[in-house]
Amino acid sequence: MQQYVNEFRDKFTKLKEIEEKYGLNVQDVTDILAGIDDFQVTSPVIGNFSTGKSSLLNAVLGKQMLSVDITPETAVPTEICYGPENSVKQIFGDSVKEYQMEDLPIKGLNIRNTDLVRIRYSNEFLKKIPNVKIVDLPGFDTSIELHNMAIDQYLPNSLAYLLVVSSDEPVLKNGIADFLKELKLHQVPVYLIITKCNRLSAEDREACRKLLVENICNLLEVDDIPCACTESVGEEVNIDEVRGFLTEIQEKSSDIFRRKYTELLKRNAKYAEVYLMDRIDKKDLSTSELEQEQENLEKKINELVGKVEKEKKNFDAQTEECIRVMRERVQKDLEAVKEPIAVMIRNGSDVSGRVNGIIRNAVALSVKSEFEPKLQEYLDQISDMVRFEMPDTEEFNFKTGKAFDDGIVQSLFTKVAPVVLATVGALIAGPIVAIVGGALGAFADVALNVNGEKKKERKARKAADDLIAKIHVEASDSAAREIRRYVEKINGEIQEKINRQKIILEKSLEDVKMELDLEEEAKEREIHALEADLDLIRAYMMKAD
C-alpha cells in the first residue's frame with residue numbers, strides 16, 4: 001500500500017509543478033495531495049444491543065478498550081485505527097477531550113456528553129491493517145439515529161460492514177433487516193460474525209450459521225456471504241476469522257486506493273494536457289490568426305452554453321417526473337404498513353424506527369431506479385456536446401454505484417436522509433399526540449386510554465391514517481427539495497467545467513501571443529519544453545487507462 005501512496009504522491013507533486021509552471025489552477029491537485037496520506041476505508045461493526053460487539057473487538061485488538069458494561073444511554077460510537085502514537089479523543093460538538101490509553105475504557109460516557117470516541121492505537125495487529133478504520137456502532141435497537149449514521153456518515157468510505165449477531169438470539173430484527181435492504185442498494189459487502197458460539201453444540205452452531213446466512217443473503221439478494229463463528233470471552237477465545245476478515249479488507253483497500261487516485265490523476269492531468277496541446281498546435285499562428293481563434297472560441301462557448309441550457313430544461317422536466325414517482329412509492333410503502341403501525345400505536349410502541357426504514361428505502365429505491373438512469377443519460381448527452389464543440393476537452397464523467405466514485409444514490413441520500421428524519425422525528429414527537437385528540441400519550445409509556453376494544457382500534461387506525469398522511473407529505477417534500485438541490489449542484493459543476501475549459505484555452509492563446517516576438521531559437525526551446533511536459537502528462541494518463 002505504501003508504495004502506491006508514494007507513487008501517487010510523486011505523480012501529483014510533479015503534476016502540480018507543471019501546472020504552476022504554466023500558471024494553471026492548482027487548487028484541486030493541492031487538495032488531493034493534502035489528503036493522500038490519510039486514505040482509509042471504514043469497516044463499521046453493526047448489530048443489536050448485547051450481541052457481544054464490544055467484547056469481540058476487545059479480543060480482536062488484544063486490549064480492554066471498549067466497555068462491555070453499557071446501557072443504551074451510555075453506548076457511543078467509537079472509531080479505532082492504527083496510529084504510530086497512541087491517541088484517545090472524546091468528541092462532543094466542537095469540544096475535544098484527550099485521554100491516555102490507560103484510561104480506557106472511558107467511564108462516564110453517554111449520549112448527552114459524547115458524539116464520538118476516536119482511538120489511534122499502536123499495536124501489532126492494527127499495524128497490519130493501517131488503512132482500515134474499525135467503527136464500533138452502538139446497538140441498532142437503541143436509536144434510529146444510529147441507522148442513519150451508519151449509512152450517511154460511514155457508507156461513503158466503507159468497503160464492508162461487519163454484522164454481529166449473538167448465537168443466543170439468531171434473528172434479524174426489523175431495524176437490521178431494513179438496514180440490510182438499504183445496503184443492498186449500495187452493493188456494499190457484509191461479513192457475518194456470530195458471537196458466543198462455544199456454548200452451542202457443533203450441530204446447533206451449524207444450524208444457526210445456516211439460518212442466518214440464508215436470511216441475510218435473501219435480504220441482500222446475494223448467493224453467499226463470509227461468516228465467522230466466534231467466542232471472545234472465557235478460556236477458548238476464537239477471533240482468528242474476524243482478524244482474517246479485517247486483513248482481507250486491508251488487502252482490498254490497496255486496490256481501491258490505486259483505482260481512486262488513478263482516476264483522479266487522469267481527470268486532473270487532462271486540463272494540463274489540453275493547455276499544452278493547444279499551445280503546441282497554435283505555435284505557428286500569426287497575431288491575426290490568433291485573434292480569429294479567440295473569436296471562434298467565444299462563439300463555440302456561447303453555442304455550447306445555449307445547447308446545455310436547453311438540455312437542462314429537458315432534464316428539469318424529467319426530474320419532476322422522477323419526484324412524482326418517488327412520492328407515489330413513499331405513499332404506497334407507508335400505506336402497506338398502516339395496519340402494523342396502527343397496532344404499534346395501540347400498544348404504545350415507538351413507530352419511528354419502522355417509519356424511518358420505510359421512507360429511507362422508498363426514497364433510495366426511487367432515486368436508484370428512476371432518477372439515476374435519467375441523470376446518467378443527461379450527463380452523457382452533455383459530455384457528447386462538449387466533446388463535439390470542444391474536442392480534446394475534459395470529459396464529464398460521473399460514475400455510479402461504487403465506493404469512492406461519487407455514487408449518485410449514495411451522494412444524494414446522505415443529504416436527503418437528515419432532512420427526512422428531522423421531519424419524521426418532529427411529527428412523531430409532537431403532532432401525533434394532537435392527531436387523536438389527546439387520547440394517545442407518549443409511545444413508550446401509555447396505550448390508548450379508552451373503553452372498548454373496537455373503539456381503541458378505531459382510534460389507533462385514525463392515528464395511523466393521519467400520521468401516514470402527514471409523514472408522506474412532509475417527507476416527500478423534503479426529499480423532493482434535496483433532489484432539486486442535487487440537480488442544481490450538478491448543473492453548477494457542468495457550468496464550472498465549461499468555464500474552466502474556456503479559461504485554459506484563452507490562457508493558451510494569450511501565452512502563444514506573448515511568444516510571437518521571441519527569437520526562433522528561444523521559441524524552439526519553449527516548444528521542446530512544452531512537448532516534454534506533454535509527454536509526461538500523457539504517460540500518467542496512459543497508465544491510468
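Remember, predicted model here, so these are calculated numbers, not experimental data.

**Q** Report on the overall build of the chain, specifying residues and quantitative values.
**A** Helix and strand counts for the chain come out as 15 helices and nine strands. Burial status across the chain gives 49% buried among its 545 residues. Restricting to contacts in the chain with at least 6 residues of sequence separation, those with at least 24 account for 81%. When the accessible surface of the chain is totalled, it reaches about 25,900 Å², and 47% of it is carbon and sulfur.

**Q** I'd like a description of the sheet that holds strand β7 (residues 161–166), backed by residues and values.
**A** Picture the strands of a sheet paired through backbone hydrogen bonds; they go either parallel or antiparallel. In space, the nine strands of this open sheet follow the order β4-β3-β5-β2-β6-β1-β7-β8-β9, with mixed pairing throughout. Both outer strands of the open sheet, β4 (95–99) and β9 (227–229), are each paired with one neighbouring strand and no more. Ignoring strand direction, the axes of neighbouring strands in this sheet form an average angle of 20°. Bridge count for strand β1 (residues 41–47) against strand β6 (residues 132–136) is five bridges, and the pairing is parallel.

**Q** Quick rundown of the nonpolar core? Include the residues and the values.
**A** Grouped together as the largest cluster of nonpolar side chains are 118 residues, with contacts concentrated most on F12, M65, I119, I134, Y261, I341 and F371. Top element by residues in this core is helix α14 (residues 453–514). It accounts for 19 residues. One finds L183, V190, L219 and I225 within the second-largest nonpolar core, a separate group that totals 32 residues.

**Q** Break down the confidence of the model for the chain for me, citing the residues and quoting the values.
**A** The share of residues in the chain with pLDDT of 70 or more is 83%, and the mean pLDDT across the chain is 81. Considering only residues more than four positions removed or in separate chains, one finds that residues 427–451, a stretch of pLDDT under 50, has 46 contacts.

**Q** Kindly report on unusual backbone geometry, identifying the contributing residues and their values.
**A** Following L104, the chain continues into P105 via a peptide bond in cis, with omega recorded as -10°. Tracing the chain through its elements places P105 in the loop between β4 and β5 (116–121). Although it is not a glycine, K196 adopts a positive phi angle of roughly 60°. Mapped onto the fold, K196 is located in the loop between β8 (190–195) and α7 (202–220). Positioned with a positive phi, E221 is a non-glycine residue whose angle comes to about 60°. Note on E221: relative accessible area 61%, which makes it exposed.

Basis of the calculations
- Residues numbered from 1 in each chain as written.
- Predicted model: local features only at pLDDT ≥ 70, side-chain atom pairs only at ≥ 80, totals over all residues.
- Heavy atoms only, no water.
- Helix = DSSP H or I, 4+ residues; strand = E, 2+ residues; numbered from the N terminus.
- Buried < 20%, exposed > 50% of the residue type's maximum accessible area, 1.4 Å probe, protein only.
- Contact = heavy atoms within 4.5 Å.
- Areas by Shrake-Rupley, 256 points an atom, 1.4 Å probe, with all protein chains shown as cover.
- Pairing = 2+ DSSP bridges.
- Axes fitted to C-alpha atoms, helices over the stretch in contact; angles between N-to-C directions.
- Core = buried A, V, L, I, M, F, W, Y, C linked by side-chain atoms within 4.5 Å.
- pLDDT = per-residue confidence, 0-100.

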